[in-house]
Amino acid sequence: QMQFGMTKAQKPIGWFFGEMWNILASLVYPGLSNIEGDAVIAETALTNSGRGRTADFLNYYRVAFDNGDFRRWDQWRLGSQRRYAPDHYALGYLTIGGFRYMHDCPQFMKEGYELSARRPYNLAAFYTTTKKLTGKKFEAAFQEVSRTMHGIWKAEADARAPFIPMEPVTEDPRLYADYKGLTFLGDGLYSIKSGHETSPVLVRIGEDGKEKVISRFAYQTSRLKASEVQGRLYWSETLTDERWSLKSDSKIRYFEVGKKGKKSLTSSRHSRPDRESLLYNPALSPSGGMMATVEYRVDGSSSLTAVDPVGGDIRWSVKGPSGVQLIETAWIGDDVLVTGITDEGYGIYRYSGGRWSVVLEPQPVMVKDFQTYGDEIMFTSDRTGVNEMYQLDPASGIVRQRTSLRYGASDFQYSSDGKYLLYSSQTLGGMRIFRTPVDSLLDRTVDFSQLHKYPIAEKVTQQEKEYAVSKGAGEPLSVNISEPKRYRKVPHMIGLHSWAPVYVNVDRIMN
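All values reported here derive from a predicted model rather than from experimental measurement.

So, on to the layout of surface pockets. Considering only enclosed or pocket space, the second largest pocket measures out at about 840 Å³ in volume. Around the second largest pocket, the lining comprises 21 residues; the ones closest to its centre are Y219, T240, D507, R508 and N511. Put simply, the parts of the chain that give the lining of the second largest pocket at least two residues each are β7 (232–239) and α9 (506–510). Residues that form the lining of the second largest pocket fall into these classes: nine nonpolar, six polar and six charged.

In structure tokens, the structure reads:
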């Protein structure tokens, strides 16, 4: 009914279409969400990572259940302007993964698919499958999963306690809103705000918590990086093509305090025919005279590339270590430290004196919000099951955990006067900004190889291994991949590649 706004005069016809929509959605959406949830289960069960092994993926459900928000399944799926709901990937994983965890039914989706194929007239095939394998109706089975996960998450939180004190910086929004990408420039706190009331905007937040909108912002950007020397905020921005996703582009952009609007430091790759590559994740050197970026090339490799922060010219470039996809950059003196992802997970690497070395061995956990703090590196990781802030001494390799929060946090940033640590933490109303006095932080040395175990992820992994053994699965088969062939538009002009023989720009229609 949210989809069909209606006046009193339109109520009868609006009510009719609203009810038809609700009936159709209640039958079709479980199948769609379950399909996407099953895909997340596959990536989680068959690898050491996947979204099911990350803290962010189900964190909103953790907050909601703690606050007594046990909605019906279709309310989570359809969402509303009043109450936020995660996407269907998270809901599908919680639902199907929860069923498999609670009732040990690893073939849930297989049976659902086969029933749909045998009885195409049964539009509620997954409801039928749920009843058969769990002994409960779909909604009752989902509520059982919700209550069970709430109990598990509460026990995990109690084991992590005590928590550091939190003081809110921003007010509780009227409608859902996230504050991300925190950074200080001068005496101002800047953040990227987005939510139900606004598309992304760059805001400046005063000491009294009041905010001023600086500029509209893009949806896909890196974290804001401040340069006191230049008086600028820098970031990388993904430019999506209106039609072809593989033609996406990127630019390094900046905002200069005291001036209006945003400007581009680097040009698009299409205007640089000699360099078909994308630049991301800038970080300024301590002197402000050099900018480190990660450059992604069309051959799949990545490089550490230095850029002039004033003119945008490329100064030098070096390929990353073998088997490592570089991600975020930070400077300590003349050395550049970079996060990278490998088959083993996220690690931290140093480029110094023309050579690469390993600072933190890769682990299957998230490492993000990478930045310099004095002679140390600070970053966010979910090794405990929620996002916490860590500091790393590159010289000794010692990692210290500085925060302990019930729901974790991200975008950590020390205040300009060094008295507070600010961060964004999940609430029912969005990712709000909080702060904690520095003298209330932890200083706990940790073993970064000790990782949290996610209950659903561990269960579905065990089930997949047992199923593989039961089927006599041996070593992975080698796959021969043919040579690529050039795609030509003319022979394919007649083929219909979508439900409609026209191109529709959905983003513009939604706007």
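Further remarks concern the pattern of salt bridges. Counted according to the given criterion, the structure contains 27 salt bridges. Of the charged contacts, one joins R204 and D187 as a salt bridge, the two residues approaching to 3.0 Å between their closest N and O atoms. Taken together, the residues span a long stretch of sequence, with R204 in strand β4 (residues 201–205) and D187 in the loop between β2 (177–185) and β3 (188–195) at a distance of 17 residues. We classify D187 as exposed; its relative accessible area is 66%. For K319, the salt bridge is made with D299, and the minimal N-O distance between the two is 3.9 Å. Taken together, the residues K319 in strand β13 (residues 314–319) and D299 in the loop between β11 (291–297) and β12 (302–307) connect sequence positions 20 residues apart. In this structure, a network of salt bridges that share partners links the residues D69, R71 and R83.

Another point: the pairing of β11. Where burial is concerned, most of β11 is hidden: five out of the seven residues are buried. Sheet topology places strand β10 (residues 277–284) next to β11; six bridges connect them, and they run antiparallel. Bridged to L284 within β11 is M291. Counted along the chain from β10 to the antiparallel partner β11, the turn is six residues long, and its residue G288 has a positive phi close to 80°. Two strands pair when backbone bridges link them, and β11 and β12 are joined in this way by six bridges, in the antiparallel orientation.

In this section: the side chain of E156. Examined against the element boundaries, E156 turns out to sit in helix α7 (residues 138–160). Residues within four places of E156 in sequence aside, it is in contact with R62, H452, K453 and P455.

Read from one edge of the open sheet, four strands run β1-β24-β23-β22, paired in antiparallel fashion. If you trace the sheet from one side to the other, it starts and ends with β1 (167–168) and β22 (410–414), each paired once. Judged from the three bridges that link them, β22 and strand β23 (residues 420–427) form a sheet pairing that is antiparallel. Its bridge partner lying in β23, S410 is registered against S424.

Moving on, we get to the sheet that holds β2. Whether parallel or antiparallel, the strands of a sheet pair through hydrogen bonds between backbone atoms. Overall, antiparallel pairing links the four strands, which are arranged β2-β3-β4-β5 in an open sheet. Bordering the open sheet on either side are β2 and β5 (211–216), each of which pairs with just one other strand. Pairs of neighbouring strands in the sheet enclose a mean axial angle of 30°, with direction left out of account. Pairing geometry for β2 and β3, over seven bridges, is antiparallel. Bridge pairing in β3 places Y179 opposite K193.

A few words on the side chain of S285. Inspection of the secondary structure puts S285 in the loop between β10 and β11. For S285, a relative accessible area of 9% corresponds to the buried category. One polar contact links the side chain of S285 to the main-chain amide nitrogen of G289, over a distance of 3.4 Å. When sequence neighbours within four positions are dropped, the list of residues in contact with S285 reads M290 and W331.

The amide bond that connects A161 to the next residue, P162, takes the cis arrangement and shows omega of 5°. Relative to the helices and strands, P162 is located in the loop between α7 and β1. In the Ramachandran plot, D104 falls in the positive-phi region, its phi being about 50° despite a non-glycine side chain. Its location among the elements puts D104 in the loop between α4 (88–103) and α5 (108–118). With a phi angle near 55°, D369 is a residue other than glycine that sits in the positive phi range. Examined against the element boundaries, D369 turns out to sit in strand β18 (residues 367–373).

The rules behind these values
- Residues numbered from 1 in each chain as written.
- Predicted model: local features only at pLDDT ≥ 70, side-chain atom pairs only at ≥ 80, totals over all residues.
- Heavy atoms only, no water.
- 1 Å grid on protein atoms, 1.4 Å probe; cavity = no way out; pocket = protein on both sides within 12 Å on 5 of 7 lines; lining within 4 Å.
- Points joined across faces, edges and corners; volume = space filled by probe spheres on them.
- Helix = DSSP H or I, 4+ residues; strand = E, 2+ residues; numbered from the N terminus.
- Nonpolar A, V, L, I, M, F, W, Y, C, P; charged D, E, K, R; others polar.
- Salt bridge = Lys/Arg side-chain N within 4 Å of Asp/Glu carboxyl O.
- Buried < 20%, exposed > 50% of the residue type's maximum accessible area, 1.4 Å probe, protein only.
- Pairing = 2+ DSSP bridges.
- Contact = heavy atoms within 4.5 Å.
- Axes fitted to C-alpha atoms, helices over the stretch in contact; angles between N-to-C directions.
- Polar contact = N/O pair within 3.5 Å; in protein donor to acceptor, adjacent residues only side chain to side chain.

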